[in-house]
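A look at the structure
Single-letter residue listing:
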Amino acid sequence: EKDGYSSFMLKEINEQPSAVEQTLMGRLDQHGNLMLDELRIDESILRAVDKIVVVACGTAAYAGQVAKYAIEHWCRIPTEVELAHEFRYRDPIVNEKTLVVAFSQSGETMDTLMAVRHAREQGAKVVSICNTNGSTIPRESDAVIYTHAGPEIAVASTKAFLSQIAAAYLLGLYLAQLRGTKFADEVRDVLRELQEVPAKIQSVLDAADEVKDLARRMSTAESVLFLGRHVGYPVALEGALKLKEIAYIHAEGFAAGELKHGPIALVEEGQPVFVIVPSPRGRDSLHAKVVSNIQEVRARGAITIVIAEEGDDAVVPYANEVIRVPQTPVLLAPLLTTVPLQLFACELADSKGYDVDQPRNLAKSVTVE
Ligand code: F6R
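Since we're looking at a predicted model, the values are computed, not measured. (Residues numbered from 1 in each chain as written. Predicted model: local features only at pLDDT ≥ 70, side-chain atom pairs only at ≥ 80, totals over all residues. Heavy atoms only, no water.)

Details of the sheet that holds strand β4 (residues 125–130)
Backbone hydrogen bonds hold the strands of a sheet together, and the pairing may be parallel or antiparallel. In spatial order, the strands read β2-β1-β3-β4-β5; together these five strands make up an open sheet with parallel pairing. Whereas interior strands pair on both sides, the edge strands pair on one side only; in this sheet they are β2 (79–83) and β5 (143–146). In this sheet, adjacent strand axes meet at a mean angle of 20° when their direction is disregarded. As paired elements, β4 and β5 share four bridges and run parallel to each other. Directly across from isoleucine 129, in β5, lies its bridge partner isoleucine 145. (Pairing = 2+ DSSP bridges. Helix = DSSP H or I, 4+ residues; strand = E, 2+ residues; numbered from the N terminus. Axes fitted to C-alpha atoms, helices over the stretch in contact; angles between N-to-C directions.)

Let's talk about unusual backbone geometry
Unusually for a residue other than glycine, aspartate 3 sits at a positive phi of about 50°. Looking at where aspartate 3 falls in the secondary structure, it is placed in the segment before α1 (8–14). Judged by its relative accessible area of 59%, aspartate 3 is exposed. Despite not being glycine, arginine 76 has its phi angle at roughly 55°, a positive value. When its relative accessible area of 59% is taken as the criterion, arginine 76 is described as exposed. (Buried < 20%, exposed > 50% of the residue type's maximum accessible area, 1.4 Å probe, protein only.)

What about the site of the ligand?
Around the ligand lies a shell of 13 residues, among which Ser104, Gln105, Ser106, Thr109 and Glu245 are the nearest. Here an oxygen atom of the ligand sits 2.5 Å away from a polar atom, N or O, in the side chain of threonine 109. Between an oxygen atom of the ligand and a main-chain N or O atom of serine 157, the distance comes to 2.9 Å. Relative to its unbound accessible area of 410 Å², the ligand is 90% covered by the protein chains. For the shell around the ligand, the secondary structure elements donating two or more residues are α4 (58–75) and α11 (232–247). Broken down by element, the shell around the ligand gets its largest block of residues, three residues, from α4. Grouping the constituent residues of the shell around the ligand by class yields four nonpolar, seven polar and two charged. (Near = heavy atom within 4 Å. Polar contact = N/O pair within 3.5 Å; in protein donor to acceptor, adjacent residues only side chain to side chain. Areas by Shrake-Rupley, 256 points an atom, 1.4 Å probe, with all protein chains shown as cover. Nonpolar A, V, L, I, M, F, W, Y, C, P; charged D, E, K, R; others polar.)

Focus on the environment of arginine 120
Relative to the helices and strands, arginine 120 resides in helix α6 (residues 110–121). Of the residues examined, arginine 120 reaches a relative accessible area of 37% and is grouped as partly exposed. When the C-alpha atoms of arginine 120 and threonine 158 are compared, they prove to be 29 Å apart, with 38 residues separating the residues in sequence. Each residue touching arginine 120, except ones within four places of it in the same chain, is listed here: Val126, Glu140, Ser141 and Asp142. (Contact = heavy atoms within 4.5 Å.)

Comments concerning empty space enclosed by the protein
Applying the stated rule across the entire model yields two cavities of 30 Å³ or more. Contributing to the lining of the largest cavity are 14 residues, with Val231, Gly232, Val277, Pro278 and Ala333 lying nearest its centre. Put simply, the parts of the chain that give the lining of the largest cavity at least two residues each are α11 and α13 (334–351). Across the lining of the largest cavity, the residue classes break down as nine nonpolar, four polar and one charged. The computed volume of the second largest cavity comes to approximately 60 Å³. Forming the walls of the second largest cavity are Val277, Pro278, Ser279, Glu309, Val325, Pro326, Thr328, Pro329, Val330, Ala333 and Thr337. (1 Å grid on protein atoms, 1.4 Å probe; cavity = no way out; pocket = protein on both sides within 12 Å on 5 of 7 lines; lining within 4 Å. Points joined across faces, edges and corners; volume = space filled by probe spheres on them.)

What to know about the packing of α11 against α13
Two numbers describe how α11 lies on α13: the axes approach to 9 Å, and their chain directions differ by 15°. Put simply, α11 runs roughly parallel to α13. Two packed elements cross with a definite hand, and for α11 against α13 that hand is right-handed. Where α11 approaches α13, its residues Val235, Glu238, Gly239, Lys242, Leu243, Ile246 and Ala247 are matched on the opposing element by Pro334, Thr337, Thr338, Leu341, Phe344, Ala345, Cys346, Leu348 and Ala349. Residues belonging to the contact of α11 with α13 are distributed by class as follows: eleven nonpolar, three polar and two charged. (Parallel < 35°, antiparallel > 145°, perpendicular 65-115°, else oblique. Left-handed = near helix turned anticlockwise from the far one by under 90°.)

Some remarks on the sheet that holds strand β10 (residues 321–325)
Strand order in the open sheet formed by five strands is β7-β6-β8-β9-β10, with parallel pairing between adjacent strands. If you trace the sheet from one side to the other, it starts and ends with β7 (250–255) and β10, each paired once. Each neighbouring strand pair of the sheet contributes to a mean axis angle of 20°, computed without reference to strand direction. Strand contacts of helix α10 (residues 208–217): β9 (303–309) and β10, with the helix running at about 150° to β10, the strand carrying the most contacts. Strands in contact with α11 are β6 (223–228), β7 and β8 (272–276); relative to β7, the strand with the most contacts, it is inclined by about 175°.

Examining the packing of aromatic side chains
Pairs of aromatic rings are described using the distance from one ring centre to the other and the angle between the two planes. Summed over all chains, the structure comprises four aromatic pairs. Arranged with centres 4.9 Å apart and planes meeting at 5°, the rings of phenylalanine 226 and phenylalanine 274 form a pair that is stacked. You can see phenylalanine 226 sitting in strand β6 and its partner phenylalanine 274 sitting in strand β8, a full 48 residues away along the chain. For phenylalanine 226, a relative accessible area of 1% translates into the label buried. Take phenylalanine 274: its relative accessible area is 0%, and that puts it in the buried class. Measuring from centroid to centroid gives 4.7 Å for tyrosine 248 and tyrosine 354, while their planes differ by 40°, and the two rings are tilted. Residue tyrosine 248 is located in the loop between α11 and β7, and its partner tyrosine 354 is located in the segment after α13; the two are separated by 106 residues in the primary sequence. Relative accessible area serves as the criterion here: at 23%, tyrosine 248 is assigned to the partly exposed category. Judged by its relative accessible area of 30%, tyrosine 354 is partly exposed. (Phe/Tyr/Trp six-rings, centres within 6.5 Å; stacked < 30°, edge-to-face > 60°.)

Rendered as structure tokens:
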């Protein structure tokens, strides 16, 4: 049932092109408008939403952090992302104009469920983004957008993460369309770009041997750092989480802009640092900023492993290793840049002889508090 793969995790990493494709499938009507029929919440309520709060745990919360950048950009609705277990125990400002979006692969995470209940008690509408049909969180939500990633068996989440991002993007684009923001015209362009993503993920997977080779060479690392900006920041956090979870290596993700505010003190000779580089075709000076961050850590002896777009030559002088991903719009990049980080963690754990699918101390769904 592992289809010849050495682990479910590796199989699920390789299923990501179809997981994303299935999640996006059949969304356009004959006029090229995005349909989201399952969003059974009155349109007048959706138009009146003045705040979105994403609640989730772990990897699902990182998917929410990625989605925040896209939703705020497309919809101009302030969007917060909060760990469900933190949300529950403060006194969050949630009311009838708040749309709460609960991300959960399993649909059974107790803290996320409790956050959903809490939000609905305050009058908020709740949409869940879930991979498990008929599970508790969707049953207790006002609407659900299912990710169609197929069952995820490995404890460490991979294909669910990418599918959650894809589903959340559909939600964001739909709200932009409904509310007629200045972005509404571009919805079709983004959807077209999204359709290209599965084939691009496949091309990242086709180059997996290079990443695997790197993982084997780095299997004695005691600590690994991950840096990113903008949507690359939650990708860095996710890369670090994967490595902790299955390879039991101390790993930390940072917003690259924070380096000087503390984390750069950790960098000494030989410290491996992954850097997720945004597209040089993006707006602002984001790319240049990240390139100078690579330079800064390299100057202090770091071994830099850079994930950059094809054709981005500016990173080469400062990179010990370059992992290439196909060109894509900035907001869609996490669907590609995450993949080498998953492969890296999976191969490194495997090379240490660990059980990749069943890491110690962890359960697939956390149904207790
Ligand atoms: C990490 C991982 C966990 C889950 C978290 C939420 O690889 O799997 O961090 O993402 O426990 O689980 P769900 O999405 O089922 O609510």
